[in-house]
Amino acid sequence: MESTADTPELVGSPAVEGATPEGAGVPLAGAIPRRRLRDALRDYLALTKPRIIVLLLITTVTTMFVADPSGPSLATILWTMLGGYLAAGGAGAINHFVDRDRDARMARTCDRPLVTGRIEPNHGLMFGIALAIASIVLLAVAVNPVAAALALSGLLGYVFVYTLWLKPLTPQNIVIGGAAGAVPPLVGWAAATGGLTWDALYPFAIVFLWTPPHFWALALLVKDDYANASVPMLPVARGDAATRRQILVYSVALVAFTALPYFTGLFSWPYLAAALGFGAGFIALAADLAGRPSRAAAVRLHLASLAYLALLFAAMAADRILLG
């Protein structure tokens with residue numbers, strides 16, 4: 001419901017008493033166009049899925065310091081962040097276009113701009129493609145071609161491998177397709193060093209293993225939406241109990257894997273302590289969801305998973321900066 005706080009009508013005012021002097025009740029010239037422009041900008045921004053991108057940028061920037069503890073230049077960091085935002089935002093906008101029919105059948109997404117017609121679908125698609133092209137050109141020119149190529153691979157993987165192919169096909173969609181979401185740390189590593197080493201696979205694999213428990217916790221909350229849209233997410237295809245078990249399995253595997261970079265010498269003991277401490281909390285929440293299933297437990301795990309990943313990557317960067 002729209003608020004009327006901006007247009008109060010007071011008893012005794014001309015609007016109430018019927019008097020209509022010149023200009024009374026008439027919006028200021030340009031007010032409506034400005035509002036429409038503001039709303040349009042907000043809708044186009046929504047196509048980029050900014051809340052998701054914030055976490056992707058955290059993993060990108062922290063990995064830059066893991067790769068180069070002395071610190072990349074500020075210009076490199078800023079150009080990488082901008083290029084990363086444009087790449088992820090372009091992928092998000094194209095995803096809105098591809099998923100618009102499915103989104104219309106889900107309560108969680110039925111108000112998206114392309115579904116409601118606030119933005120013409122073809123305009124949303126062109127916007128996404130334009131962002132994608134801009135991101136690759138910017139990264140190739142301002143950062144390096146390796147970072148640009150990796151960003152392009154993540155974008156194409158998200159759109160074609162996950163959204164178009166795996167999402168409507170298999171309940172393992174988020175497991176395989178999650179590789180696209182794990183590309184930003186690789187972009188950060190390449191931006192900082194000009195290439196990749198075997199150590200770059202650690203942050204990539206951590207995001208890859210983190211994605212299923214993070215996403216499946218949300219899928220438990222909106223299972224009916226996915227069923228209505230005929231999307232075979234794990235809770236729809238295998239049931240809630242199987243999903244909760246898989247969340248716990250992946251959580252244990254994730255935490256175990258986070259210890260590996262310590263034993264290979266990439267990180268020192270402060271990182272290991274942080275990884276095991278954060279991991280113990282993550283596993284506890286996953287075990288609570290498995291043992292005492294509830295909507296509240298799924299919400300706690302989903303939200304905590306966001307903080308977990310951000311804190312873990314911050315611990316990686318801090319370890320390398322201080323002790324690397």
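Enquirer: Explain the overall build of the protein chain to me, please; I cannot follow it from the model alone.
Expert: Tallying secondary structure elements over the protein chain gives 16 helices and zero strands in all. Counting every position in the protein chain, which comprises 324 residues, the buried fraction comes to 47%. Nonlocal contacts in the protein chain, meaning residues at least 24 apart in sequence, comprise 73% of its contacts between residues at least 6 apart. Summed over all atoms, the accessible surface of the protein chain reaches about 15,900 Å², with 66% contributed by carbon and sulfur.

Enquirer: Explain the packing of aromatic side chains here, please?
Expert: The description of an aromatic ring pair uses the distance of the two centres, along with the angle that the planes make with each other. Using the criterion set out here, one finds eight aromatic pairs in the structure. Here Phe267 and Tyr271 contribute two aromatic rings whose centre-to-centre distance is 4.3 Å and whose plane-to-plane angle is 35°, an arrangement assigned as tilted. Note on Tyr271: relative accessible area 0%, which makes it buried. Residues Phe282 and Tyr308 carry aromatic rings whose centres are separated by 4.7 Å and whose planes lie at 40° to one another, so their mutual orientation is tilted. Remark: Tyr308 occurs in helix H16 (residues 295-323) and Phe282 occurs in helix H15 (residues 269-291); sequence separation between them is 26 residues. The exposure classification of Phe282 matches that of Tyr308, with both residues buried. Over the face of the ring belonging to Phe97 we find Arg100, whose NZ or CZ atom lies 4.2 Å from the ring centre.

Enquirer: Help me out: how do you make sense of the nonpolar core in this one?
Expert: Nonpolar side chains in soluble globular proteins generally cluster together in the buried interior. In terms of nonpolar packing, the biggest core is built from 66 residues, with Ile206, Trp210, Tyr226, Tyr271 and Met316 touching the most fellow members. Among residues more than four places away in sequence, those in contact with Trp210 are Leu55, Leu254, Phe282, Ser305, Leu306, Tyr308 and Leu309. If you look at the next biggest cluster of nonpolar residues, it comprises eleven residues, including Ala91, Ile94, Ile119 and Leu125.

Enquirer: What is the right way to look at the packing of helix H3 (residues 50-67) against helix H4 (residues 74-98) in this model?
Expert: Any two packed helices are characterised by how steeply their axes cross, that is the angle between the axes, and by the distance between the axes. Contact geometry of H3 with H4 gives a least axis separation of 10 Å together with a crossing angle of 145°. As for the relative orientation of H3 and H4, their crossing is right-handed in sense. Along its contact with H3, which presents Pro50, Ile53, Leu56, Leu57, Thr60, Val61, Met64 and Phe65, the element H4 presents Thr76, Ile77, Thr80, Met81, Gly84, Tyr85, Ala88 and Gly89. Looking at the contact of H3 with H4 residue by residue, the classes come out as eleven nonpolar, five polar and no charged.

Reading guide: rules and limits
Residues numbered from 1 in each chain as written. Predicted model: local features only at pLDDT ≥ 70, side-chain atom pairs only at ≥ 80, totals over all residues. Heavy atoms only, no water. Helix = DSSP H or I, 4+ residues; strand = E, 2+ residues; numbered from the N terminus. Buried < 20%, exposed > 50% of the residue type's maximum accessible area, 1.4 Å probe, protein only. Contact = heavy atoms within 4.5 Å. Areas by Shrake-Rupley, 256 points an atom, 1.4 Å probe, with all protein chains shown as cover. Phe/Tyr/Trp six-rings, centres within 6.5 Å; stacked < 30°, edge-to-face > 60°. Lys NZ or Arg CZ within 6 Å of the ring centre and 35° of its normal. Core = buried A, V, L, I, M, F, W, Y, C linked by side-chain atoms within 4.5 Å. Axes fitted to C-alpha atoms, helices over the stretch in contact; angles between N-to-C directions. Left-handed = near helix turned anticlockwise from the far one by under 90°. Nonpolar A, V, L, I, M, F, W, Y, C, P; charged D, E, K, R; others polar.

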